[in-house]
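Topology and contacts: notes
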Amino acid sequence: MKLLITGANRGLGFALTTEAVERGHTVFAGVRSLEHPIESLRQLRSDFPDQVILLPLDVTDEATCLSATKRLESENITLDVIINNAAILNERSKRIEELDLEKVEQSFQINLFGPMRVIKFFLPILTKGSDSSIINISSEAGSFQNAYGGDYPYALSKSALNMFSKQLRKYLADDQVSVYAVHPGWIKTDMGGEQAPGTPEESARGILNIVEKKQKITSTSSFINTKGEPMPL
Ligand SMILES: NC(=O)c1ccc[n+]([C@@H]2O[C@H](COP(=O)([O-])OP(=O)(O)OC[C@H]3O[C@@H](n4cnc5c(N)ncnc54)[C@H](OP(=O)(O)O)[C@@H]3O)[C@@H](O)[C@H]2O)c1
């Protein structure tokens, strides 16, 4: 399979990229900037030179989405899977009274409009059919039932991402493309911190099992965990 993964240079995105290439797939590894820390990704590319293709892709910047799709189109490359992984968690623990709304907007630009931009530009080169999927990496923070009265930019943008996933699932139903918003669990990354009980590697295995259709999905809703079970809406 050919996968596009955003935010592939660290955290869950890097774990997904590693797991996918170890399973024999090819990954178009979206990186915000070739100047950001991408040493591990460069090493992975030298270990799997034919399967890791670095793709400059800042999800807030339409121009980078356009040039990335043009590059793939010019090489007649189509995708089987798009994983919208890139996100930020800003304004942690800020009360509503002290919230910087520009930071809220920044969060929406990356966590919601980012996946929307990526789908807008890459959907035309996604192969249609039951083997194809779109995975939007979401969070339990986006669940209405789990609302905890904080992390407004993150929680609200992930909640909207869940709705986007549901909309996209309906839109692509006739094309048989699977669309899920997946909560990866609380995992040890720069975002999740050291206290997190899970690892990005185990979440990546679960997500790859979902896209390879090896994981039975017991949920009828599009918001699921890495075991294919329903997340509370
Ligand atoms: N960690 C957890 O416990 C947890 C829990 C629930 C959900 N999630 C979700 O899992 C996903 C991965 O999170 P993580 O923990 O791996 O986060 P992370 O370690 O903070 O990594 C975030 C990634 O997103 C990239 N990124 C940020 N802004 C971008 C932009 N404008 N364009 C392209 N890439 C951009 C970063 O690239 P740079 O290196 O260039 O900044 C980095 O590769 C996110 O969607 C997150 O919301 C994580």
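Shown above is the structure to which this text applies.
Figured I'd write up the structure that's included with this text. In this text, all values refer to a predicted model and were calculated from it rather than measured experimentally.

**A closer look at the overall build of the protein chain**
When its secondary structure is counted, the protein chain shows seven helices and seven strands. Tracing the protein chain from N to C terminus, the helices and strands come up as β-α-β-α-β-α-β-α-α-β-α-β-α-β. By the compact-globule yardstick of 17 Å for 233 residues, the protein chain fits well, its C-alpha radius of gyration being 17 Å. For the protein chain, the spread of C-alpha atoms along the principal axes amounts to about 50 × 40 × 35 Å. In the protein chain, buried positions account for 44% of the 233 residues. The long-range fraction of contacts in the protein chain, counting pairs at least 24 apart against all pairs at least 6 apart in sequence, stands at 66%.

**Considering the site of the ligand**
Taken together, 29 residues surround the ligand, and among them G7, G11, A87, T189 and G192 come closest. It is helix α1 (residues 11–22) that provides the largest number of residues to the shell around the ligand, a total of three residues. Its residues placed into classes, the shell around the ligand shows twelve nonpolar, 13 polar and four charged.

**Observations regarding the environment of E194**
Tracing the sequence through the fold places E194 in the loop between β6 (178–183) and α7 (200–211). Separated by 91 residues in sequence, E194 and K103 place their C-alpha atoms 24 Å apart.

What counts and how
- Residues numbered from 1 in each chain as written.
- Predicted model: local features only at pLDDT ≥ 70, side-chain atom pairs only at ≥ 80, totals over all residues.
- Helix = DSSP H or I, 4+ residues; strand = E, 2+ residues; numbered from the N terminus.
- Rg over C-alpha atoms; globule rule 2.2 N^0.38 Å.
- Buried ≥ 20, exposed ≤ 12 C-beta atoms within 10 Å, placed from the backbone.
- Contact = placed C-beta atoms within 7 Å.
- Near = placed C-beta within 6 Å.
- Nonpolar A, V, L, I, M, F, W, Y, C, P; charged D, E, K, R; others polar.

The analysis is restricted to geometry; functional conclusions fall outside its scope.
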